[in-house]
Amino acid sequence: MVAEHVPTASIAAAAPIVVASNRGPVSYRRGADGSLVAGRGGGGLVSGLSSIEREAGAVWVCAALGDDDREAARAAGRRLDPGDTGGHRVRMLDIPPGTFAAAYNGIANSVLWFVHHMLYQTPLEPVFDKAFREQWAAYEAYNAAFADAVAEEAAEGAAVLVQDYHLVLVPGLLRARRPDLRIGHFSHTPWAPPDYFRMLPDDVAGQLLRGVLGGDRAAFLTSRWAEAFAACCADVLGAEVVRDGEGRAAEVRFEGRATRLGVHGLGADGDFLRERAHRADVEERMAALRAQIGPDRRTIVRVDRTELSKNIVRGLHAYRRLLEEHPQWRGRVVHVAFAYPSRQDLAVYRDYTAEVERVAREINSAFGTEGWEPVALHVKDDFARSLAAYRIADVALVNPIRDGMNLVAKEVPVVSDHGCALVLSREAGAAAELGDEAILVNPYDVEATARALHLALLMDPGERAERTKRLAAAATALPPARWFTDQLRAL
């Protein structure tokens with residue numbers, strides 16, 4: 001049932017800007033005394049929202065992600081205590097745990113993520129059965145809860161920025177509730193090409209596209225993903241795609257409405273990273289890493305979550321091939337691999353994490369000596385240690401199967417002490433901006449990736465330093481604060 005348009009006068013402290021995302025800028029945990037303790041969320045969105053003056057009255061609508069968040073949301077009522085949120089106005093939704101789990105794990109992470117990253121083993125999956133339909137109903141309910149909350153929070157004519165694959169239906173639902181709003185949707189993932197996207201049930205594929213097209217604007221990290229979205233709209237819905245003078249998809253027209261397309265390549269927060277990378281805890285981690293690596297050894301660094309699309313296992317196989325084909329590197333290089341466990345409530349992710357650990361052990365067993373461990377694998381998340389590895393890396397390996405952008409590829413050159421050669425998957429969105437200075441690889445080609453690692457290790461230090469400067473300039477061209485405000489202006 002479509003909610004009635006609520007007059008602005010009845011909305012208490014209605015907001016001129018509303019952000020909607022699954023994960024918010026604050027999360028809660030239990031303190032030693034049993035009380036709820038708020039912690040600041042991470043990521044580019046937090047930096048972006050922080051760029052808006054508190055007086056602007058922006059509201060962030062997010063979901064409670066766990067029991068502690070839910071208790072805080074229930075205790076707060078409509079909005080969280082500003083003392084917990086750095087002064088920003090945040091509405092955290094207490095969505096029933098079963099609905100949230102089905103929407104988040106069942107659909108967002110196990111279907112939409114797999115489709116857009118093209119991860120399915122198609123002889124066996126996907127299977128869209130009764131269980132899928134039950135989860136899809138939960139995803140619809142989850143999106144409707146967000147649409148209702150945003151409709152309540154937004155002032156007349158407010159700008160609303162809806163984030164990512166968790167909330168694809170929200171623009172269309174919100175358009176029906178509040179036709180006065182200016183609505184944008186931003187996709188942080190790739191967008192699947194039509195042939196892959198059409199694996200989804202026809203009605204679901206159409207519903208997802210209509211959801212995004214409910215907005216005034218749909219934005220993406222690269223033009224490649226924007227073009228894929230436009231192609232899906234044309235192929236699945238029969239929508240008209242309008243192109244600009246340079247032939248790029250600029251607008252999708254469907255059922256009497258026009259949705260403009262935009263591209264905003266989120267960059268690294270250079271000022272923050274450079275400052276944070278030189279704090280005492282990072283210096284301590286650098287000393288520990290150097291002791292583990294040993295003197296006069298080169299480093300190949302990767303920093304990833306054990307997410308299926310990150311391609312960690314093939315990266316390890318490529319390193320093994322480097323040691324097999326170029327024995328001169330044995331004892332002279334260490335692969336510092338940070339593989340931080342991700343989505344461990346899903347069996348396929350637990351299995352993948354176990355495979356990463358197994359292959360790393362196998363390489364160490366086959367090639368290691370008393371004074372040299374070829375792979376230094378770390379699985380406990382530690383941001384300071386990641387920054388320390390960025391600073392000392394001779395080579396950075398970023399080889400995702402498919403990635404909307406990949407900020408690690410942008411962060412490493414920003415904080416590198418002496419220059420770092422970047423081996424980068426051509427399937428990462430970052431390749432569009434960094435490809436000229438990186439060594440690009442096909443992420444499926446282990447042999448070619450091994451050759452790229454060899455070339456990167458041989459790169460002249462002067463060339464490596466010059467490339468790193470150019471990579472850092474490209475990586476920080478659109479920092480989070482400007483990325484966010486550019487979208488607002490475009491609405």
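Since the structure is predicted, the reported quantities are computational estimates derived from the model, not experimental observations. (Residues numbered from 1 in each chain as written. Predicted model: local features only at pLDDT ≥ 70, side-chain atom pairs only at ≥ 80, totals over all residues. Heavy atoms only, no water.)

A. Inspection of the overall build of the chain at higher detail. Looking only at helices and strands, the chain features 18 helices and 17 strands. Rg of the C-alpha trace for the chain: 23 Å, near the compact-globule value of 23 Å for 491 residues, within the 12% margin. C-alpha atoms of the chain, sized along the principal axes, occupy 70 × 55 × 45 Å. Taken over 491 residues, the chain has a buried fraction of 57%. (Helix = DSSP H or I, 4+ residues; strand = E, 2+ residues; numbered from the N terminus. Rg over C-alpha atoms; globule rule 2.2 N^0.38 Å. Buried < 20%, exposed > 50% of the residue type's maximum accessible area, 1.4 Å probe, protein only.)

B. Just helix α2 (residues 67–76), in detail. Residues of α2 that are buried include every one of Asp 69, Arg 70, Ala 72 and Ala 73, and no others. Viewed along the axis of α2, the buried residues span an arc of 165°, placing them on a single side of the element. Opposite its buried face, α2 presents the exposed residues Asp 67, Arg 74 and Ala 75, each directed more than 90 degrees away. (Arc of directions from axis to C-beta.)

C. Representation of the pattern of salt bridges within the structure. In total, this model carries 42 salt bridges according to the counting rule given. For the salt bridge of Glu 325 with Arg 321, the shortest nitrogen-to-oxygen distance reads 2.9 Å. Of this pair, Glu 325 and Arg 321 both sit in helix α11 (residues 312–325), 4 residues apart, which is roughly one turn of that helix. Notably, a salt bridge pairs Glu 466 with Lys 469, separated by 3.6 Å at the nearest N-O pair. Taken together, the positions of Glu 466 and Lys 469, both in helix α17 (residues 461–475) and 3 residues apart, correspond to about one turn of that helix. Classification of Glu 466 by relative accessible area gives partly exposed; the value is 39%. On the basis of relative accessibility, which here comes to 55%, the residue Lys 469 falls in the exposed class. (Salt bridge = Lys/Arg side-chain N within 4 Å of Asp/Glu carboxyl O.)

D. Summary view of the sheet that holds strand β15 (residues 395–398). Overall, parallel pairing links the 6 strands, which are arranged β14-β13-β12-β15-β16-β17 in an open sheet. Edge positions in the open sheet fall to β14 (375–378) and β17 (439–441), since each of these has one partner strand only. Across the sheet, the mean angle from the axis of one strand to that of its neighbour is 20°, orientation sign disregarded. When strand β12 (residues 298–305) meets β15, the two strands line up parallel, connected through 2 bridges. For Ile 300, the partnering residue across the bridge sits in β15 and is Val 395. Sitting on the sheet, helix α12 (residues 347–367) touches β13 (333–340) and β14, and the angle it makes with β14 is about 155°. (Pairing = 2+ DSSP bridges. Axes fitted to C-alpha atoms, helices over the stretch in contact; angles between N-to-C directions. Contact = heavy atoms within 4.5 Å.)

E. The sheet that holds strand β8 (residues 217–220), seen in detail. Read across the sheet, 9 strands follow the order β5-β4-β1-β6-β7-β8-β11-β10-β9 without closing on themselves; strand pairing throughout is mixed. Only two strands of the sheet have a single partner each, and these edge strands are β5 (89–93) and β9 (240–243). Strand after strand, the sheet turns through a mean of 20° between neighbouring axes, direction not considered. Here strand β7 (residues 182–187) runs beside β8; their pairing, made up of 4 bridges, is parallel. Among the inter-strand pairings, Phe 186 is bridged to a residue of β8, identified as Ala 219. Of the strands in this sheet, β8, β9, β10 (249–254) and β11 (257–263) touch helix α8 (residues 223–237), which is tilted by about 25° from β10.

None of the figures reported here should be taken as evidence of function without further support.
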